[in-house]
Every structure is written in structure tokens, then in C-alpha cells.
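In case you want the letters, here they are:
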Amino acid sequence: MYRTALRNVLAHKARLLMTTLAVLLGTAFVAGTLVFTDTLGDAWRSQSAKSYTDIAVTVSDRDAVGRGYDHGGRTSGGPSLTEDTRKAVAALPDAADARGVVSGFAGIADRKGALIGNGFSTTGTNYVPGADGTDPRFPLVDGRGPRTSGEVALDARTAEKGGFKVGDTVRVAVNGPVMELKLTGTLHTNDPRVVSGGSLAAFDTATAQQLYLSPGQYAEIDVKGKPGADDTALLAAVKKAVPSADSIEARTGRELAAEQDRMIDEGTQGMSTVLLTFAGISLFVGIFIIANTFTMLIAQRTKELALLRAVGASRKQVTLSVLAEALLVGLTASIGGLVAGIGIASGLKALLNGPWEANLPDGPLVIAPSTVIGSLVVGVLVTVLAALLPSLRASRIAPVAAMSSAEQPATQKSLLVRNIIGLLFAAIGVGGLLGGAAAKEVNLVGLGAGALMIGVFVLTPLLSRPVIALFAPVLRRLFATPGKLARENAVRNPRRTAATASALTIGVTLITALTVVGASVNKAADEAFASDLKADYAVAMDNFSMLAPEVAEQIAKTPGVVATSVERQVPVDSATDEDDTSWLTAVNAESFDQLIGLKVTAGNADALKQGQLLATTRYAERNHLTVGSTVDGTYPDGTRATLTVGGLVESNSEISGLVAPDHVVGPHAAAGSGLRKVLVKGDQGATPELKQALRDATGGNPLITVKGEKDIKEENSRSVTAVLNVMYGLLGMSVVVAVLGVVNTMAMSVFERRREIGMLRAIGLDRRGIGRMVRLESLIIALFGGVVGVLLGIVTAWAAVRTISEALKNITMVVPPVQIVSFLVAAAVIGLLAALWPARRAARMDILGAIKSE
């Protein structure tokens with residue numbers, strides 16, 4: 001029987017080609033994902049390890065955050081890491097050296113004033129020269145390190161991007177006006193943020209301390225041990241030498257490296273999970289193709305199987321024979337997929353480091369044994385499982401009945417059982433969608449959508465006749481006999497049509513759901529900004545850090561500005577629980593209502609002007625606050641605070657939680673820190689002149705953005721579109737697999753109906769008519785899958801939109817007609833393209849040879 005299985009695979013290799021390709025593509029997706037993420041993780045770990053090669057112990061101060069990263073300077077008045085601390089650590093017996101480190105962000109402008117790199121990876125630090133005048137962390141490529149406040153060194157890649165050479169003037173900014181500094185040298189760095197496309201600006205230590213902390217303070221002290229020194233013993237000695245405070249922590253370099261590795265592993269695992277999910281979708285689509293292929297092959301080999309049964313083959317032997325064929329196909333396809341996946345991973349890495357300039361760290365391609373085994377197992381297992389049901393059907397055909405018919409129709413009992421199962425899954429799915437939408441539970445919606453999709457797939461044979469019947473009038477009127485024959489062929493075998501259409505339905509469902517949700521989110525966000533933001537412009541940092549305190553004063557003095565308001569984040573520690581902190585949004589009480597749309601639900605709309613708080617209704621409900629309630633606590637400067645809630649307002653895109661008057665709480669913030677945004681209203685509204693004036697007022701800082709309502713809407717739209725495009729691209733593989741399924745079904749159908757096609761030619765249907773008949777049949781199947789997918793996608797999107805209605809107020813489902821129609825048109829095009837080869841093959845078939853065939 002196994003020799004028979006091998007012979008059958010070799011005899012039907014052309015008919016198994018599309019199935020092999022479907023499994024190969026899915027396996028390639030899996031293998032490519034695993035190889036790429038393993039390679040990326042290994043390269044990042046190697047890159048990260050270089051940062052800790054000469055560090056035995058690191059002491060860090062969590063409160064010494066860089067100005068602009070959080071609230072500027074230190075967040076408490078406790079002990080800090082100073083130059084005296086560094087000297088005390090350096091004097092320890094096992095310490096060879098101790099390096100004080102200061103870090104934050106620093107944007108570098110190119111010749112046109114635009115930011116080099118992205119705002120989230122613009123790194124600034126201090127250059128700490130050793131005895132030889134160089135900093136071992138940053139090997140010099142050219143020039144020397146900075147020595148005075150008017151000098152800076154850049155990483156070599158950033159200098160190259162900006163066209164800077166040693167001696168040039170470079171415009172650098174933190175969270176205030178731009179500084180014009182002399183470029184003294186270019187550096188090499190292993191910092192992952194910089195290697196992956198960011199930038200590095202190195203200042204002398206005094207300048208870095210002035211920019212990010214306070215004179216004489218460090219955020220971190222890195223200790224190098226003497227040769228042979230035990231880092232655990234050195235750690236114990238360091239802990240005794242540094243100030244004792246909750247914010248100060250000492251750890252070994254090995255611990256830091258291990259933690260960094262763990263974070264890298266988590267990041268690559270997250271990426272791998274997302275990619276493998278889409279690979280799973282492609283393999284799931286492939287299951288329909290595999291099952292359909294083996295069902296058709298078994299139907300075409302009914303007499304052969306009957307003869308095997310007649311000469312003594314048992315049902316078990318027939319089943320194992322078919323599964324052996326599936327095993328051979330799966331193994332061959334999986335090996336090809338593994339090789340293709342390795343090629344995809346290598347090509348993707350080259351593409352990212354080439355035209356896309358992702359600047360991934362260098363490293364060899366990692367092909368782990370688990371990747372090889374996992375890819376092969378997944379491909380073989382999917383193929384064998386998909387062929388299991390057809391193999392069982394083959395074993396249940398009685399020899400006499402099999403020899404009397406080309407294909408046994410499904411029994412009424414089997415159809416009834418199938419329909420009952422489909423209805424149960426559909427009912428569970430609808431219940432899950434309704435329940436998830438009502439309870440705002442995304443996971444329940446996901447489970448409901450999955451159950452509904454399975455139910456619809458099981459019921460698709462039942463749905464195929466009425467849905468395809470809708471196309472009948474158009475087919476008869478436009479295409480006459482070929483159109484009528486195409487419709488009849490499409491519904492001749494509902495199960496086959498259903499399996500082929502369902503493969504396409506999966507991709508269309510997901511794409512439609514994503515599109516509808518994206519359109520709904522875009523519209524809701526646009527409407528929210530239109531109603532919430534009265535200001536003409538919002539000035540903020542591009543990396544969401546905090547603005548320098550003086551920026552608000554500079555903007556207020558800009559010509560053409562009639563009203564401004566800060567949005568300052570101020571923490572207030574609870575008077576009863578030291579671990580409980582309330583965050584206040586401090587605003588200008590006199591002008592805030594001119595810049596933000598407030599909807600007061602209770603209390604006084606002028607509460608801010610009276611020195612009281614406004615609380616959003618959702619925050620008030622969670623914290624049991626009403627008008628007249630008080631919030632007691634301690635400001636960052638240690639002053640006790642007792643604030644009264646004067647009004648309740650609806651939360652919107654600009655405010656949430658507690659809103660306080662800046663003239664009351666601002667003086668208690670850390671040196672005016674926490675300035676998240678400045679809202680601006682002009683006397684002439686939003687004009688290009690005002691926008692440029694605001695940019696000039698901020699000193700041309702490339703990290704500071706000036707955005708109006710139109711800019712914010714366009715930015716949100718670009719973000720949603722970017723996410724959708726990534727999703728579309730990842731779902732593209734499942735669509736390709738579905739196309740292979742349509743090609744496969746039509747090609748095998750043509751082979752199966754050779755005699756019928758010969759008879760049609762004999763009675764007068766010309767070659768053009770035969771080709772048109774096959775193309776229209778493919779078109780009908782593809783449109784059927786597209787229509788079902790669009791409907792499922794819209795239903796799923798409705799439930800998903802309901803789940804995010806609390807996070808995004810007034811969101812309603814938006815069904816973009818142009819995109820929906822384009823999906824159906826794309827499905828039709830897929831159907832026509834998939835039928836080109838089968839239609840050509842059918843049209844060129846020899847009449848007499850076809851009639852004589854069995």
C-alpha cells in the first residue's frame with residue numbers, strides 16, 4: 001500500500017502542485033519568521049553585551065531622570081549620586097575605575113533644520129575621557145571628544161546623514177532653544193537605540209549635567225573591576241559606599257546583561273507571535289486547499305480504490321495509503337518551505353538594512369534546530385490532518401458502489417449533521433459577538449468571530465446555492481450558454497465550491513474587518529479633535545517628553561497670539577497612602593475654556609478660575625468624587641495640598657482625570673517641570689504665518705512640533721493607514737494561498753470533466769465558449785467567497801467597534817463603500833486570473849480524446 005501511495009503521488013504530481021505550493025508558502029512564512037526573529041535577537045544580544053564588557057557594577061539613581069524625559073531634574077529631594085560618590089567608589093580596593101554617566105535626549109538638526117533620525121531615539125550623554133583622552137564607550141572615528149560647553153561629538157552615521165565634518169557648526173537641541181555647537185569628533189557606539197537608526201550627541205560632563213540634571217550630579221556610576229576581582233564582593237562594597245536611598249540601586253554588569261537579554265527575548269517573542277499568527281492564518285487557508293485536493297483526487301480514483309478493496313485491502317490500509325500520500329506531499333513541501341523561509345529571512349534582513357535603512361545590528365543568520373524541526377512538523381502535520389477526513393471517506397466506500405460511480409453523493413444524514421454543527425457554531429459565534437459588544441470584551445468578540453466564521457464555513461455548502469443563484473440573471477443575460485453552464489457547474493458540487501470559496505473568505509473577512517474598524521476610528525478621532533480642541537495650534541515635543549519651562553513664556557509673547565494655556569503634569573502624593581499618587585493636569589484657568597471644549601455635567605464651569613479642581617466624570621466615578629469633595633496630598637516640593645472639586649466634566653481627547661489651575665499648583669512643581677504641551681489661539685486663526693512664528697519662538701528646535709487640527713488629523717490618519725498596510729501585507733500570504741486554491745480546484749475540475757467538455761465541443765460550443773465557461777465559474781466562486789467574507793467582516797467590525805466605544809467616545813461603525821467595492825472587485829479579478837491556465841487548458845482540449853477519456 002505504501003508503494004501504491006508513492007506511485008500515486010508521482011502519477012498525480014501535477015495535480016498536487018498547487019497543494020504543495022500552498023503548504024510550502026505557509027511553512028516558509030513560519031520558517032522565515034523563526035529564522036528572522038532568532039537572527040535579530042541574537043544580533044541585538046551580541047550588540048547589547050558589548051555595552052557591559054568592562055562594567056563590573058552599575059549604580060543607578062531612578063530619581064535622576066533627564067530633564068524632559070519626565071519632569072526635569074530629580075523627582076525627589078533625597079540623596080543623589082555626586083562627584084564625591086564617584087570618587088568614593090573609585091577608591092574601593094577592587095575598583096579599577098568609576099565612570100559617572102549622565103544621559104537624556106538630544107535632537108540634531110540637518111542643514112535644513114529637520115530632525116535627523118526619530119524623536120524617540122535621539123540620545124544625549126556625557127563624554128568621559130580616560131587617561132588617554134578617549135572614552136572607551138565611544139571609540140573615535142575622527143577628531144576628538146568635547147571639552148567645553150560649546151562643543152559636541154556625534155555618532156558617525158548621524159554626522160554622515162547630516163553631511164557634517166569635524167569643525168562644522170551643528171545645531172543641537174534638548175527641550176528648549178537650539179544650541180549651535182562645534183563638532184569636535186565623530187564616534188562609534190554600540191547603543192541599540194543609535195544602531196537601529198537613532199542619533200547620539202556627546203557633551204562634556206559639566207554641560208550634560210547642566211542640560212539633564214544639576215551640576216555635579218550623575219544618573220549612573222559604572223564601576224570597572226580590577227583583574228581577578230569578584231564582582232559580587234565588589235557589589236557589596238559599592239553598596240556600602242553609595243548613599244542609602246530607595247531610588248539608588250546597585251547591580252552587577254552580569255545582572256544588567258541578563259536583564260537586557262530577557263527584554264530582547266520578550267521583544268522578539270512578541271514580534272514572532274504576531275508574525276506566526278498570520279502564518280497560522282495562511283496555513284489554515286491551506287487546509288481548505290489540501291482537503292479539497294485530496295477529496296477530488298479520491299473521487300477521481302474511485303474505481304482504483306474499489307479495486308484495491310476488492311483484492312483484499314482493508315479500510316485501514318486505504319486510509320493509511322491516502323495519509324501516506326499526504327505525508328509525502330507535506331514533507332516535500334515543508335522542506336521546500338524551510339529553504340524558502342531561510343531565503344526570505346536573509347532577504348528581509350538585507351532589505352531592512354538596505355533600501356529601508358532600518359540599521360539592524362550585524363550578525364550571522366541563525367537557523368536553530370527547533371526552527372528546522374518545528375517548520376517540518378507544522379507543514380507535515382497540517383497536510384496530514386487536512387487529508388484525514390478525505391482518507392476516512394475513501395475507506396468507507398464499498399467496492400461495488402465505488403465501481404459503479406465516479407463520485408458518491410453525500411448522504412442526507414451527513415448533510416443534516418453538518419448543517420446542525422454549522423448552526424451550533426454560528427449561534428455560539430453570534431452570542432459571543434453580542435456578549436462581547438455589550439460587555440466591551442475584546443477577547444470575547446474574538447472568540448465569537450472565530451466561532452461564527454467556523455459556523456459559516458460549515459454552512460457554506462448550504463449557502464452556496466441561494467447566494468450563487470443571485471448571479472444567475474446577470475450570467476444568462478450577458479453570457480448566454482457559457483454563463484448558464486458556469487452557474488450550474490459552480491453549484492454542482494456545493495462542498496467543493498464551499499471549500500474553495502472559504503479559503504478566500506478568510507482573507508476577505510479579516511481585511512474587511514480591519515478596514516471598517518480603521519475607518520471608524522479615523523472618523524471618531526477626527527470628530528473628537530474637532531469638538532475637543534478649540535486651540536489653533538498645540539506645541540509639544542516630538543518624543544512626548546516635556547518642554548522646557550521657558551517655552552511657554554516665549555510662545556505667549558509671540559505676535560498674533562491672543563490666548564495660551566500650558567498643560568502641565570503635576571504629581572500629588574496621597575496623604576493616606578504613600579504609594580498612591582494623583583496626577584493633576586495644570587492649565588491656565590483664565591484661558592483654558594477658550595482653547596478646549598468643556599462639557600460640564602455638574603458643578604461650576606468657572607471652578608478653575610476660583611482655584612478649584614475639575615474632575616472628569618469617569619475619574620470621579622472610579623474614585624468616588626463629587627462636587628465639593630477634597631483631594632488631600634503633598635506636592636513635589638513637600639507642601640501639603642488640599643484641593644476642592646468644583647465641577648465635573650466629560651473626558652475628551654485633551655483632558656482626563658483631574659484638571660487644576662496652574663497658578664495654584666504650578667509653583668509647587670519641580671522647577672516648573674512637567675510641561676507636556678502649550679495650546680495656542682491666534683487673532684487670525686490657524687495661519688501659516690502664525691505656525692512659522694511659533695516655530696521661531698521655540699528657537700527652531702527640531703524636536704518641538706507645532707500642530708494644528710489638520711496636522712493632527714493627518715497624523716492620526718497616517719498612523720491608522722500604516723497599521724492597516726502592515727496588516728494587509730501580512731494577510732497577503734493567505735490571499736496568495738487562496739488564489740492557489742482556486743487555480744487548483746478549476747484545474748482539477750477541468751481534468752475531471754474532460755468527457756463533458758468534449759461533448760460540449762461536439763455539439764457546437766466553441767473554444768471561446770469553453771474558456772469563458774471555466775472563467776465565469778471561477779469568477780462566481782471567487783465572488784461568492786468575497787461576498788461572504790465582506791458580510792462576516794462587517795459583522796465582526798461592528799462588535800469590535802462597540803468594544804472600544806468607551807475609549808473613543810461617540811465612535812460609530814463606518815463602512816467605506818469604495819474600499820468594500822474594491823475588495824469585491826479584487827475577488828473577481830482573483831477569480832478571473834486564477835482561471836486563465838485552467839480555461840486555456842480546457843479550450844485547447846482535443847474533442848475526440850476528451851470524449852474517449854474516463
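The structure this text deals with has already been given above.
Here the residue numbers are simple positions, counted from 1 along each chain's written sequence. pLDDT decides what is reported in this predicted model: residues at 70 or higher carry local features, side-chain atom pairs at 80 or more are listed and counted, and totals for whole chains, interfaces and linings draw on all residues regardless. Each side-chain value is derived from all of the structure's non-hydrogen atoms; neither hydrogens nor water enter the calculation.

**What to know about the overall build of the chain**
Okay, step 1: Counting its regular elements, the chain contains 27 helices and 24 strands.
Okay, step 2: Each principal axis of the C-alpha atoms in the chain carries an extent, and together these give about 100 × 70 × 50 Å.
Okay, step 3: Each residue's exposure class comes from its accessible area (1.4 Å probe, protein chains only) as a fraction of the maximum for that residue type: buried when under 20%, exposed when over 50%, partly exposed otherwise. When each of the 854 residues of the chain is scored for burial, the buried share is 50%.
Okay, step 4: Any two residues whose heavy atoms approach within 4.5 Å are treated as being in contact. Contacts in the chain between residues far apart in sequence, at least 24 positions, make up 81% of those at least 6 positions apart.
Okay, step 5: Working note: accessible area of the chain is about 37,900 Å², and carbon and sulfur atoms make up 60% of it.
Okay, step 6: Residues counted as positive are Lys and Arg, residues counted as negative are Asp and Glu, and His and the chain ends are not counted. Here the site of a charge means atom NZ of a Lys, CZ of an Arg, CG of an Asp or CD of a Glu. For the chain, the distance from the average site of its 81 positive side-chain charges to the average site of its 75 negative ones is 18 Å. Only runs of H or I of at least four residues qualify as helices and only runs of E of at least two qualify as strands under DSSP, and these elements are numbered from the N terminus. Methods summary: accessible areas were calculated by the Shrake-Rupley approach with a probe of 1.4 Å, and residue burial reflects only the protein chains presented.

**Considering the side chain of Glu 567**
Okay, step 1: Checked against the element boundaries, Glu 567 lands in strand β16 (residues 561–574).
Okay, step 2: In terms of polar contacts, Glu 567 uses its side chain to reach the side chain of Arg 676, at 2.3 Å.
Okay, step 3: When near neighbours in sequence (up to four residues on either side) are disregarded, Glu 567 contacts Thr 585, Ala 586, Val 587, Phe 592, Ile 596, Glu 654, Gly 674, Leu 675, Arg 676, Lys 677 and Leu 679. Pairs of N or O atoms are called polar contacts if they sit within 3.5 Å, as long as, within protein, a hydrogen donor faces a hydrogen acceptor (for residues adjacent in sequence, only side-chain-to-side-chain pairs).

**Considerations on the packing of helix α16 (residues 494–532) against helix α22 (residues 709–752)**
Okay, step 1: Look at α16 against α22: their axes get within 8 Å of each other, and the N-to-C directions meet at 170 degrees. When the axis of α16 is compared with that of α22, the two are roughly antiparallel.
Okay, step 2: Looking at side-chain class alone, the contact of α16 with α22 contains 18 nonpolar, 11 polar and 5 charged residues. Axis definition: a line fitted to C-alpha atoms, limited for helices to the stretch in contact. Angles are taken between N-to-C directions and run from 0 to 180 degrees. Angles below 35 degrees are treated as roughly parallel, those above 145 as roughly antiparallel, those between 65 and 115 as roughly perpendicular, and all remaining angles as oblique. Polar here means any residue outside two lists: the nonpolar Ala, Val, Leu, Ile, Met, Phe, Trp, Tyr, Cys and Pro, and the charged Asp, Glu, Lys and Arg; Gly therefore counts as polar.

**Details of the layout of surface pockets**
It is a probe the size of a water molecule, rolled over the atoms, that shows where empty space is left.
Okay, step 1: Cavity: a set of points on a 1 Å grid over the protein atoms alone where a 1.4 Å probe fits but cannot get out. Pocket: an open set with protein on both sides within 12 Å along at least five of seven lines, its lining residues, like those of a cavity, having an atom within 4 Å of a point. Grid points are joined across faces, edges and corners, and a volume is the space filled by probe spheres set on the points. Considering only enclosed or pocket space, the second largest pocket measures out at about 1,400 Å³ in volume.
Okay, step 2: Lining the second largest pocket are 44 residues, with Tyr 52, Ser 103, Asp 191, Arg 193 and Glu 220 positioned closest to its centre.
Okay, step 3: Listed by contribution, the elements that provide at least two residues to the lining of the second largest pocket are β1 (57–61), β3 (95–101), β4 (103–105), β6 (122–127), α5 (192–195), β13 (220–225), β14 (248–252) and α8 (253–300).
Okay, step 4: The element that contributes the greatest number of residues to the lining of the second largest pocket is α8, accounting for 5 residues.

**Side note on the packing of aromatic side chains**
Okay, step 1: Here is the rule: rings of Phe, Tyr and Trp (six-membered ring for Trp) pair when centre to centre is within 6.5 Å. Planes less than 30 degrees apart are stacked, more than 60 are edge-to-face, and the remainder are tilted. Applying the stated criterion to the full structure yields 4 aromatic pairs.
Okay, step 2: Between Phe 284 and Phe 288, the ring centres sit 5.5 Å apart and the planes meet at 85 degrees, which makes this aromatic pair edge-to-face. With Phe 284 and Phe 288 both in helix α8, this residue pair falls 4 residues apart, about one helical turn.
Okay, step 3: Taking relative accessible area as the criterion, Phe 284 reaches 34% and is therefore assigned partly exposed.
Okay, step 4: According to the relative accessible area criterion, Phe 288 is buried, its value standing at 16%.
Okay, step 5: Ring geometry for Phe 288 against Phe 457: centres 5.2 Å apart, planes inclined by 80 degrees, an arrangement best described as edge-to-face. Placement of the pair is Phe 288 in helix α8 and Phe 457 in helix α14 (residues 442–469), with a sequence separation of 169 residues. For the pair Phe 288 and Phe 457, one class covers both residues: buried.

**What about the pattern of salt bridges?**
Okay, step 1: Criterion for a salt bridge: a side-chain nitrogen of Lys or Arg within 4 Å of a carboxyl oxygen of Asp or Glu. If you walk through the whole model with that rule in mind, you get 19 salt bridges.
Okay, step 2: Ionic pairing is found between Arg 86 and Glu 83, a salt bridge with its closest N-O pair at 2.8 Å. With Arg 86 and Glu 83 both in helix α3 (residues 83–90) and 3 residues apart, the pair spans about one turn of that helix.
Okay, step 3: Of the residues examined, Arg 86 reaches a relative accessible area of 18% and is grouped as buried.
Okay, step 4: Classification of Glu 83 by relative accessible area gives partly exposed; the value is 25%.

**A short note on the environment of His 188**
Okay, step 1: Examined against the element boundaries, His 188 turns out to sit in the loop between β10 (179–187) and α5.
Okay, step 2: For His 188 and Asp 846, which are 658 residues apart along the polypeptide, the C-alpha to C-alpha distance reads 71 Å.
Okay, step 3: With residues up to four places along the chain from it excluded, the contact list for His 188 reads Arg 137, Phe 138, Pro 139 and Val 141.

**So, the packing of helix α23 (residues 754–762) against helix α24 (residues 767–803)**
Okay, step 1: Relative to each other, α23 and α24 sit at 140 degrees, their axes nearing to 10 Å. Considering the angle they form, α23 stands oblique to α24. Crossing hand, α23 versus α24: right-handed. Side by side, α23 and α24 meet where Ile 757, Leu 760 and Arg 761 of the first sit next to Arg 767, Ile 770 and Met 773 of the second.
Okay, step 2: Its residues placed into classes, the contact of α23 with α24 shows 4 nonpolar, no polar and 2 charged. Handedness of a crossing follows from how the near helix is turned relative to the far one, being left-handed for an anticlockwise turn of less than a right angle and right-handed for a clockwise one.

**Some words on α24**
Within an α-helix, residues lying three or four positions from one another point in the same direction, as the helix has 3.6 residues per turn.
Okay, step 1: Helix length check: α24 (37 residues) gives 54 Å between terminal C-alpha atoms against 54 Å at 1.5 Å per residue, within 8%.
Okay, step 2: Burial runs high along α24: 26 of the 37 residues are buried. In this analysis, the expected span of each helix is defined as 1.5 Å times one less than the number of residues it contains.

**Here's the deal with the nonpolar core**
Okay, step 1: By size, the foremost hydrophobic cluster in this structure holds 74 residues, and its most contacted members are Leu 504, Ile 506, Ile 770 and Val 774.
Okay, step 2: Here this core gets 15 residues from one element, more than from any other, and that element is α24.
Okay, step 3: Not counting residues within four places of it along the chain, the set of residues in contact with Ile 770 comprises Ile 757, Leu 760, Arg 761, Leu 765, Ala 842 and Ala 843.
Okay, step 4: The nonpolar core is taken to be a set of buried Ala, Val, Leu, Ile, Met, Phe, Trp, Tyr and Cys residues, with the residues joined through side-chain atoms within 4.5 Å. Leu 211, Leu 213, Leu 234 and Val 238 belong to the second largest nonpolar core, which has 57 residues in total.

**Overview of a nonpolar patch on the surface**
Okay, step 1: Together, Ile 373, Val 377, Leu 381, Leu 385 and Leu 388 make up a nonpolar patch on the protein surface, roughly 460 Å² of accessible area in all.
Okay, step 2: Within the secondary structure, Leu 381 is located in helix α11 (residues 369–395).
Okay, step 3: On the basis of relative accessible area, Leu 381 is assigned to the partly exposed category, the value being 48%. Without a salt bridge and with relative accessible area above 30%, a residue can belong to a patch; like charges are then joined within 9 Å and nonpolar side chains (Val, Leu, Ile, Met, Phe, Trp, Tyr) within 5 Å.

**Here's the deal with empty space enclosed by the protein**
Okay, step 1: Scanning the entire structure with this criterion turns up 1 cavity of 30 Å³ or more.
Okay, step 2: Along its surface, the largest cavity is lined by Phe 288, Ile 289, Asn 292, Ala 499, Thr 500, Gly 741 and Thr 745.
Okay, step 3: Elements with a contribution of two residues or more to the lining of the largest cavity: α8, α16 and α22.
Okay, step 4: When residues of the lining of the largest cavity are assigned to their parent elements, the largest contribution, 3 residues, is made by α8.
Okay, step 5: Across the lining of the largest cavity, the residue classes tally to 3 nonpolar, 4 polar and no charged.

**Here's the deal with the sheet that holds β3**
Okay, step 1: DSSP calls a pair of strands paired once it identifies at least 2 bridges connecting them. Sheet architecture is open: 4 strands sit in the order β3-β13-β1-β14, paired in antiparallel fashion. Whereas interior strands pair on both sides, the edge strands pair on one side only; in this sheet they are β3 and β14. On average, adjacent strands in this sheet sit at an angle of 15 degrees to one another, irrespective of strand direction.
Okay, step 2: On the sheet, α3 packs against β3 and β13 and is oriented at approximately 160 degrees with respect to β3.
Okay, step 3: Sheet strands in contact with helix α7 (residues 231–241) are β1, β3, β13 and β14, and its direction is about 165 degrees off that of β14.

**Regarding helix α21 (residues 688–697)**
Okay, step 1: Those residues of α21 that fall on the buried side of the exposure criterion are Leu 690, Lys 691, Leu 694 and Ala 697. Across the axial projection of α21, the buried residues extend over an arc of 120 degrees, all falling on one side. Exposed positions of α21 whose direction lies more than 90 degrees from the buried face are Pro 688, Glu 689 and Asp 696.
Okay, step 2: Residues of α21 that are buried make contact with β15 (537–541), α17 (549–556), β16, β23 (675–682), β24 (704–707) and α22. Think of the arc as the fan of directions from the helix axis to the C-beta atoms.

**Thoughts on the pairing of strand β8 (residues 151–155)**
Okay, step 1: With 5 of 5 residues buried, β8 lies mostly within the body of the structure.
Okay, step 2: In this structure, β8 lies alongside β10, joined through 5 bridges in parallel fashion. Bridged to Glu 151 within β10 is Lys 182.
Okay, step 3: As defined by bridge partners, β8 adjoins strand β11 (residues 199–204) across 2 bridges and the pair is classed as antiparallel. Across the sheet, the residue bridging to Ala 153 is Ala 202, located in β11.

Nothing here speaks to function; it is all geometry.
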